[in-house]
Each structure stands twice: as C-alpha cells, then as structure tokens.
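These are the residues of each chain, in order.
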Amino acid sequence: MKRENSAISIVDRFDLESNAATEFRRLIHNLNGAYAAKAKQASTGSSSGSGLRNPGTDRKSILITSATVSEGKSTTTAFLGICSAKLKERRTLLIDCDLRRPSIHHLFSIEREQGLSEYLTEGLSGTRIIKKTELDRLDIITAGKHIDNPTEVFDASRIGRLVDEVSDQYDFIILDSPPVLPVSDPMLLAGEVDGVLLVVKAGETQRDVVVRARDLLTGSTDRLLGVVLNNLNNSLPYYFNPNYYRYETTKD
Ligand SMILES: Nc1ncnc2c1ncn2[C@@H]1O[C@H](COP(=O)(O)OP(=O)(O)O)[C@@H](O)[C@H]1O
Ligand SMILES: [Mg+2]
C-alpha cells in the first residue's frame, strides 16, 4: 500500500484496548442483531419487501451517514472497519462515497486517486480501484480524483452494482457518505445497502435536525438500523462515561 507522504495512519493510532474499541465491538455485535432481525422479517414477508441485498447471510453492506457535517461519519466508518477486520477477522471493505469532502484516504494515509470517481467517470472495474491497507483483511475504495460536478457524477445504482460486484470478496462493506440534510446522495444510497446508521454528535446537533434527517431516511427506506451517538463525553449522565466503570487487566 502506498502511503500519502509520511502521515500516520489511523490504524497505528487506534488502541484496541481503548473504550472506543469496546464500543465499536458492541456496535458490530448490535449490527448483527439488527441485521438478523431485518433479514428474518424479510424472509417471513412481514416487512413490505425490504429487499435486503443479502438476506439470511452474514455478509452485509452498511451506509454511514449523519444529519449535518462533522458529526463523525468518516471516523466511525474507519474505526468500525478496523475493528471488523482486526478484532472480528472479517474481510472488510470501506468505500468513500463522499465525493465532496472525502476523508477516508487522509485517515488511512493513502492516495485519493483511482477510486470511486474514476469508477463512475471512466468505468474502471471494482477490482481495479480496491486498495490494500496495512491490515490483512481491510481494503479501501477511496473517493477518487476531485471532480467539479459531483451531483451529476454520483450514481447510487452504479455504486450499488459496485457493492454487488465485490461483495463475494468481503464479509462486511461499509460506505461512508455525505450528510443527509445538504445532499440527496445518502438517501439514494440507502436503497443500495442492507442497513443505514445515523451518526449523531451528542451535545451539539439539534434534536429537530436529527429528527428531520431520520424522517428523510425513513421516508425513502426501511433500512435505518439505528443511531451511533458520537462525542458522548460530557454530554450524557455519568453512567454513560466508560471511565466510571473502568475494567483494566491486572498482571498478577
Ligand atoms: N468522538 C470524537 N472525539 C474527538 N474528535 C472526533 C470524534 N469524532 C470525530 N472527531 C473529529 O471531528 C472531525 C470530524 O469528524 P469526521 O469523522 O470527519 O466527520 P464527518 O465525516 O461526519 O464530516 C474530525 O477532525 C475528527 O477527528
Ligand atoms: Mg466525512
């Protein structure tokens, strides 16, 4: 994997023993539960044609979005991917679908070019644009070269076909995306994945803004699985603070 200058990748900075790692493990566990419930609904016909891409299997694609900018979508995508690959040993692919403000390539210190925008504009195949990371089971499709007309180039159904094209190679595919309120891309992408997670910056994003985003997503898809509360420190009661019940390993 070619590194973008000498920057340190998020993989090196992520502490697997940290509280954050524990929360991401929990999130993966909960996703399995939520996914299994949806798959069961779909197979028993109790949900009106949710059309999961991979019903009844463990393989799945998840879209990460939020109501507004800087709520932690890309950070959540990256950490979820690292935990999935490293702790759960799943073959994991991250796709940066934020053509306007992409950051997955920065987080992993890899080149941005030859990614999603080239797939959409030049017809490169999925396998040509997959980049390896320093983690065996973690691969990335970056946003690709900068384009001036992301609204025209963005094509949710083609991205859905890309997910289909590579899905045999992965256990878990995580799509990072722009926010719901300013851009329609995530609403369109929601129909192409098995589940959607809404990241909310606790203590900052207004309730009405989150409700509006939720309504937009639930109006267009039944795949909203839940919310990831980011920025929890100092915004919720003490019992949400993991330091309150630290459980450290003893050596003797
Ligand atoms: N839980 C957190 N604690 C501290 N900083 C965070 C946290 N989550 C995100 N950030 C920082 O906030 C900024 C925006 O996060 P990012 O994941 O890029 O948001 P988005 O993709 O939603 O725009 C980044 O600088 C990131 O490092
Ligand atoms: Mg982002």
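Okay, so let's go over this structure. Not measured: the values here are computed from a predicted model.

1. What about the sheet that holds strand β6 (residues 195-201)?
Phase 1 of the analysis: Overall, mixed pairing links the seven strands, which are arranged β3-β4-β2-β5-β1-β6-β7 in an open sheet. Of all strands in the sheet, those bounded by a partner on one side alone are β3 (131-132) and β7 (224-230).
Phase 2 of the analysis: On top of the sheet, helix α3 (residues 73-86) reaches β1 (60-66), β2 (92-96), β4 (138-141), β5 (172-176), β6 and β7; it is set at about 165° to β5, its chief contact.
Phase 3 of the analysis: Its contacts with the sheet place helix α10 (residues 207-220) against β1, β6 and β7, and it is angled at close to 170° to β6.

2. Let's talk about the pairing of β6
Phase 1 of the analysis: Summarising burial for β6: six of the seven residues are buried, a large majority.
Phase 2 of the analysis: Here five bridges tie β1 to β6, and the two strands are oriented parallel to one another. Across the sheet, residue Leu63 finds its bridge partner in β6, namely Val196.
Phase 3 of the analysis: The sheet contact formed by β6 and β7 spans six bridges and is parallel. Across the sheet, the residue bridging to Leu197 is Gly226, located in β7.
Phase 4 of the analysis: Each parallel crossover has a hand, and the one from β6 via α10 to β7 is right-handed.

3. What about the pattern of salt bridges?
Phase 1 of the analysis: Counting across every chain of the model gives seven salt bridges.
Phase 2 of the analysis: The salt bridge involving Glu23 is made with Arg26; its shortest N-O contact spans 3.2 Å. Linking Glu23 with Arg26, this pair stays in helix α2 (residues 19-44), spanning three residues, or about one helical turn.
Phase 3 of the analysis: The residue Arg223 makes a salt bridge to Asp222 at a minimum N-O spacing of 3.9 Å.
Phase 4 of the analysis: Residue class for Arg223 comes out buried when judged on its relative accessible area of 9%.

4. Focus: the site of ligand 1
Phase 1 of the analysis: If you check the shell around ligand 1, you find Ser70, Glu71, Gly72, Lys73, Ser74, Thr75, Asn230 and Asn231 and nothing else.
Phase 2 of the analysis: Separating an oxygen atom of ligand 1 from a backbone N or O atom of Gly72 is a distance of 3.0 Å.
Phase 3 of the analysis: Thr75 places a side-chain nitrogen or oxygen 2.5 Å from an oxygen atom of ligand 1.
Phase 4 of the analysis: Look at ligand 1: alone it shows 560 Å² of surface, and the protein chains cover 51% of it.

5. Thoughts on the environment of Ala202
Phase 1 of the analysis: In this fold, Ala202 is placed in the loop between β6 and α10.
Phase 2 of the analysis: Ala202 sits in the buried class, given a relative accessible area of 7%.
Phase 3 of the analysis: Separated by 27 residues in the primary sequence, Ala202 and Leu229 have C-alpha atoms spaced 5.9 Å apart.

6. Considering the environment of Arg158
Phase 1 of the analysis: Tracing the sequence through the fold places Arg158 in helix α8 (residues 156-166).
Phase 2 of the analysis: It is 9.3 Å that separates the C-alpha atoms of Arg158 and Glu192, two residues lying 34 residues apart in sequence.
Phase 3 of the analysis: Aside from chain neighbours lying at most four places away, what touches Arg158 is Tyr119, Leu120 and Gly123.

Cut-offs and rules
Residues numbered from 1 in each chain as written. Chains lettered and ligands numbered in written order. Predicted model: local features only at pLDDT ≥ 70, side-chain atom pairs only at ≥ 80, totals over all residues. Heavy atoms only, no water. Pairing = 2+ DSSP bridges. Helix = DSSP H or I, 4+ residues; strand = E, 2+ residues; numbered from the N terminus. Contact = heavy atoms within 4.5 Å. Axes fitted to C-alpha atoms, helices over the stretch in contact; angles between N-to-C directions. Buried < 20%, exposed > 50% of the residue type's maximum accessible area, 1.4 Å probe, protein only. Right-handed = clockwise from strand over helix to strand, strands pointing away. Salt bridge = Lys/Arg side-chain N within 4 Å of Asp/Glu carboxyl O. Near = heavy atom within 4 Å. Polar contact = N/O pair within 3.5 Å; in protein donor to acceptor, adjacent residues only side chain to side chain. Areas by Shrake-Rupley, 256 points an atom, 1.4 Å probe, with all protein chains shown as cover.

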